[in-house]
Amino acid sequence: MMKSAYPCVIVAVVLNLFAFACSRTTAVPRATNLTSVKGRLILPPGSGTRGIQVIGTIRFDEDETADEWLILDESGGFNHEFHGELIGLRVTSGIEAEIISFAADKLPVADRAGQIDFGNIDIRDEVVEHILRLQMDEGLASGSIRIGMWFGAPAAGVSLGSRQFPVIEIGSTMRWLIPRDATDIYFLVEHPSNPRNSVDSWRSGVQQRFGPFNSASLPESLILRSK
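Residues numbered from 1 in each chain as written. Predicted model: local features only at pLDDT ≥ 70, side-chain atom pairs only at ≥ 80, totals over all residues. Heavy atoms only, no water.

A.B. asks: Which residues make up the overall build of the protein, and what values go with them?
C.D. replies: Within the protein one finds one helix and 14 strands. Pairs at least 24 apart in sequence give 69% of the contacts found in the protein among residues at least 6 apart. Total accessible area computed for the protein in this model is approximately 13600 Å², and 53% of it derives from carbon and sulfur atoms. (Helix = DSSP H or I, 4+ residues; strand = E, 2+ residues; numbered from the N terminus. Contact = heavy atoms within 4.5 Å. Areas by Shrake-Rupley, 256 points an atom, 1.4 Å probe, with all protein chains shown as cover.)

A.B. asks: Let's hear about the pattern of salt bridges: which residues, and what values?
C.D. replies: Summed over all chains, the structure comprises seven salt bridges. In this structure, Arg-124 engages Asp-122 in a salt bridge whose closest nitrogen and oxygen atoms are separated by 2.6 Å. For Arg-124, a relative accessible area of 41% corresponds to the partly exposed category. Residue class for Asp-122 comes out partly exposed when judged on its relative accessible area of 39%. Taking the shortest distance from any N to any O, the salt bridge between Glu-129 and Arg-175 comes out at 3.1 Å. With Glu-129 in strand β8 (residues 127–136) and Arg-175 in strand β11 (residues 173–179), this residue pair connects regions lying 46 residues apart in the sequence. If you follow the salt bridges from partner to partner, you end up with Arg-50, Glu-129 and Arg-175 in one network. (Salt bridge = Lys/Arg side-chain N within 4 Å of Asp/Glu carboxyl O. Buried < 20%, exposed > 50% of the residue type's maximum accessible area, 1.4 Å probe, protein only.)

A.B. asks: So what's going on with the layout of surface pockets? Which residues, and what values?
C.D. replies: The computed volume of the largest pocket comes to approximately 760 Å³. Taken together, the elements giving at least two residues each to the lining of the largest pocket come down to β2 (52–59), β3 (65–70), β9 (144–151) and β11. Ranked by residue count, the leading element in the lining of the largest pocket is β11, at four residues. (1 Å grid on protein atoms, 1.4 Å probe; cavity = no way out; pocket = protein on both sides within 12 Å on 5 of 7 lines; lining within 4 Å. Points joined across faces, edges and corners; volume = space filled by probe spheres on them.)

A.B. asks: Any details on the sheet that holds strand β6 (residues 97–102)? Residues and values, ideally.
C.D. replies: One open sheet accounts for four strands, arranged β3-β2-β5-β6; its pairing is antiparallel. In the strand order of this sheet, the two ends are held by β3 and β6, each with one partner. Across the sheet, the mean angle separating the axes of adjacent strands is 30 degrees when strand polarity is ignored. Across five bridges, the pairing between strand β5 (residues 85–93) and β6 is antiparallel. Each bridged residue has a counterpart across the sheet, and for Arg-90 the counterpart in β6 is Ser-101. (Pairing = 2+ DSSP bridges. Axes fitted to C-alpha atoms, helices over the stretch in contact; angles between N-to-C directions.)

What follows is the structure, encoded as structure tokens:
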């Protein structure tokens, strides 16, 4: 009896070791390759991107996803590297009106080097330009502010500390590209807490909210009040 049971014990031990090895293998996170994406937005005539952004949705190990903002140059071009799998890309105006989007099944096929090339993305027929002047109210000293454009009311407590919000001199004229027939448009202006600080040491200060507007009722200027 003892002799006949011995092979069964060996088989059981081997099976247990195999199962353990398999469980250890599946528990190790998958490595993510370095991938790059490039392309260029074709914008209406004018200077700069004027509030237009490109956002990629990246999938990491274990199906975790995150949005990454792709830096645009003045001509609308982008060239971005990331770890993970690109599963979507969208072109937006402000925070956050979608203009064009690419789902996972509409993405260009990556080349052998892992680069995804979108080529030219033409949004000229999707947006209109709006010119906006930032004017001083009586008693407001000249200086710099940050400004952001929202589609839908900005959340309470939001700050404009990110570099995606431009630092603009009061009295400047801004140009925005806005979706045709857009509604519920807001502008949020933020002053520095200490006007003597440099841009690099910017801190949130007094805010002023304008809106809602639609694409037909946008004002020609925003009057910035004294603090």
